[in-house]
Each structure stands twice: as structure tokens, then as C-alpha cells.
Amino acid sequence: MKLHSVRQGFRLSILAAVVCASGVFAQSPAPAAPAGAGQAGQAPAGAGRGQGRGPAFPPVVIGPPAPVPPEVALPTAAEVTQMNEAMMKFIGSDKSAAAPLLKRYEHVVLLPPFRVNTAATYTQTVQRMGPRHEGFVERARQGDIDLLLHGDSITDWWVQNDENKAMFDKYFANIKTANFAVAGDTTQGVLWGLHNGEGQGFQPKAVMLMIGTNNAGGSTAPEIAAGIGAVILELRSNFPDAKILLLAIFPRGLPGDAVRDKIVLVNKLIARLDDQKHVFVMDIGSKFLDDKGVFLPDSFRPDNLHPVAKGYDIWGQAVQARLAEFLK
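Keep in mind it's a predicted model, so treat the numbers as computed, not measured.

**Q** I tried to follow the overall build of the protein chain on my own but got confused; where do I start?
**A** The helix and strand tally for the protein chain stands at 11 helices and 5 strands. Scored against the burial criterion, the 328 residues of the protein chain give a buried share of 51%. Restricting the contact set of the protein chain to residue pairs at least 6 apart, pairs at least 24 apart contribute 82%. For the protein chain, the accessible area works out to roughly 15300 Å², and carbon and sulfur atoms hold 56% of it.

**Q** Please explain the pairing of strand 1 (residues 147-151) as it appears in this structure.
**A** Residues in a regular strand project their side chains so that they alternate between the two faces of the sheet. Across the 5 residues that make up strand 1, a large majority, 5, are buried. Sheet topology places strand 1 next to strand 3 (residues 206-210); 5 bridges connect them, and they run parallel. The residue bridging L147 from the neighbouring strand is A206, located in strand 3.

**Q** How should I be thinking about the sheet that holds strand 1 in this particular structure?
**A** Sheet strands line up and pair through hydrogen bonds in the backbone, either parallel or antiparallel. The strand order across the open sheet built from 5 strands is 2-1-3-4-5, with neighbouring strands paired in parallel fashion. Edge positions in the sheet fall to strand 2 (177-179) and strand 5 (279-282), since each of these pairs with one other strand and no more. Pairs of neighbouring strands in the sheet enclose a mean axial angle of 15 degrees, with direction left out of account. Here strand 3 pairs with strand 4 (residues 243-247) via 4 bridges, running parallel. What sits directly across from A206, in strand 4, is K243.

**Q** Help me understand the packing of helix 5 (residues 131-142) against helix 8 (residues 187-198) in this model?
**A** To characterise two packed helices, one gives the angle between the axes of the helices and the distance between these axes. Two elements in contact, helix 5 and helix 8, have axes whose closest approach is 9 Å; the angle formed by their N-to-C orientations is 50 degrees. As judged from the angle between their axes, helix 5 and helix 8 are oblique. Helix-helix and strand crossings are classified by hand; for helix 5 and helix 8 the assignment is right-handed. Touching H133, F136, V137 and A140 of helix 5 are W192, G193, N196, G197 and E198, all from helix 8.

Reading guide: rules and limits
- Residues numbered from 1 in each chain as written.
- Predicted model: local features only at pLDDT ≥ 70, side-chain atom pairs only at ≥ 80, totals over all residues.
- Heavy atoms only, no water.
- Helix = DSSP H or I, 4+ residues; strand = E, 2+ residues; numbered from the N terminus.
- Buried < 20%, exposed > 50% of the residue type's maximum accessible area, 1.4 Å probe, protein only.
- Contact = heavy atoms within 4.5 Å.
- Areas by Shrake-Rupley, 256 points an atom, 1.4 Å probe, with all protein chains shown as cover.
- Pairing = 2+ DSSP bridges.
- Axes fitted to C-alpha atoms, helices over the stretch in contact; angles between N-to-C directions.
- Parallel < 35°, antiparallel > 145°, perpendicular 65-115°, else oblique.
- Left-handed = near helix turned anticlockwise from the far one by under 90°.

By themselves, these observations are geometric and do not establish any function.
Written out as C-alpha cells, the structure reads:
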């Protein structure tokens with residue numbers, strides 16, 4: 001992963017010089033999921049194929065692309081071709097001392113072929129099939145929601161047990177809330193749900209969103225950031241007057257883990273979405289860690305991914321004042 005990061009940075013810096021672009025925009029083939037990079041609240045194996053118990057869901061079909069804000073957009077197929085042609089022309093004409101290196105590592109410097117970014121599609125995931133989704137749609141129709149919570153298991157499990165629920169009640173008991181987060185879901189699943197009934201019928205004053213950790217196993221950091229950006233655009237379309245608190249993805253794993261490094265890059269990219277008008281990005285990840293980057297004792301499960309009551313208490317304290325401003 002560290003070699004990949006060096007190559008990625010080298011590639012981007014060269015491209016910036018050639019095409020006068022800035023920021024991280026490379027689309028590279030999805031890396032194999034690093035060890036320990038399971039999903040947050042991952043669905044059981046075989047979900048979608050039907051097992052002996054529970055509903056049998058149809059296969060997941062990748063849906064149409066969703067709009068992505070320019071701050072985190074990826075290049076189109078035509079733009080990839082254009083940039084690679086410019087790079088090849090530059091390499092062929094370069095007379096500097098770096099010319100032999102550029103020619104030798106041309107395959108590293110050039111962008112890989114374009115691929116569809118699944119993270120920024122309206123895709124009905126297994127998590128958005130069946131009773132959970134139907135229940136969210138019905139709750140949306142009922143309205144009377146001031147604060148909408150959205151994401152994956154990290155948000156879904158605020159009320160998983162008595163200890164967690166006590167922390168939820170501590171900070172949200174006096175607020176009209178709805179929690180549409182689903183364990184195991186991804187940016188594309190949230191997009192589909194919002195677009196298909198979960199984002200219609202009510203107008204919250206505020207939304208608290210954290211999503212993307214479950215995309216880490218199959219998407220690059222820029223792809224995940226684009227998916228999160230697409231969710232923000234969908235929320236803005238559905239709830240134009242709402243204030244959106246976009247939380248940076250919480251750290252996971254241990255210091256030095258590839259998945260943690262990827263999340264750091266995602267968070268740097270989505271910070272661009274903060275406009276201080278409708279979208280407010282807040283990174284509270286460091287509040288869960290000690291000075292060595294290890295989770296504080298008794299704040300997260302042994303999986304180094306899911307908060308327990310102490311972690312939820314830290315979370316609630318960190319966002320309480322900002323949400324109070326939004327809900328005035």
C-alpha cells in the first residue's frame with residue numbers, strides 16, 4: 001500500500017504539471033481488500049441468494065450513475081484518454097535528467113483505463129431491500145422529523161443495546177429524530193434509498209451523515225469520496241433547506257493499516273465539500289484515539305471499527321453543540 005501511495009503521488013504530481021490540474025483524481029483498479037477490512041455490520045454470507053431462513057433477495061444490479069459535485073468528481077473516459085495522450089507526449093519529448101525514469105515507469109505514471117464508479121450509482125443494495133427500506137419509506141411519509149441520521153452500522157447501532165441507547169437518549173431524546181442508517185450499507189445503497197422514498201415526504205432541519213467505510217474494500221479513496229459527494233447532492237436535492245453535518249469517516253483498524261490510510265485520504269477529499277452554508281464537514285476521529293493512534297480503552301469493539309457506549313458518548317459530545325445550532 002505504501003508503494004502504491006508513492007506511485008499514486010508521483011503520478012498525480014506529474015499529471016498536474018502536464019495538464020495544469022490539481023487534486024487527486026486517478027481511477028485505479030480496485031485493490032484487494034486488506035486483511036481485517038470487513039464491512040461495518042456486514043451482511044451474512046449468501047445474502048441476496050436466499051438461505052434457509054429469512055427473505056431471499058434478488059441479485060444486486062448496479063444502477064445508473066448519480067451526479068457528483070465537481071469538488072470530488074473523477075475524470076470521464078474521454079478525459080482519461082486526453083490526459084494519457086498528453087502524458088505520453090510529454091514523456092516522449094522530455095530532455096531532463098528524469099527522462100529515463102519517465103520512460104521506464106510510463107506504465108506507472110499513466111492513468112489506468114476508465115471504469116464506472118459503482119460508489120456513485122443508484123444501486124439497490126441488499127441492505128435496502130425488504131422491511132428495513134419499506135419501514136424507512138413509511139416513516140418518511142409520516143414526516144415530523146427534525147434530525148435525520150444516515151449511514152451504516154456505525155450509526156445504525158446507536159440503539160443496538162441498552163448501553164448504546166442510553167447514550168443516544170442522552171443527546172437525542174428531546175429531538176424528533178429518524179435513523180435511516182443500515183448495517184453493512186454503502187454510498188450507493190444510501191443513494192438508492194434516498195432516491196426511492198426515503199428522501200421524500202418530510203423536510204428535516206438537519207442531517208447527520210457518515211458513510212463510506214464499507215466501500216473501502218472495493219473502491220479507491222477518490223471513488224469513495226465521489227460517492228459521498230453524490231450522497232450530499234442527493235440530500236441537497238431532497239432537503240434544500242436542511243443543514244448537513246457530514247462526518248469524516250471514523251478511523252478503523254490500527255495505525256499503519258492500509259484501510260486506515262485510505263480513510264485518511266477519503267477524509268481529505270470530502271473536506272472540499274464543506275461550504276459553511278448547507279454542508280459542514282466535521283472530523284472527530286482523533287477524539288477516539290490516544291497519542292499513538294490506538295482507540296481509547298472501552299470506546300470501540302475489539303474489531304477496531306464499531307463504537308460501544310463510551311465511543312457513542314464521545315461522538316454525542318462532539319456534535320451536540322453544532323446540531324443544536326442547526327435545529328434552532
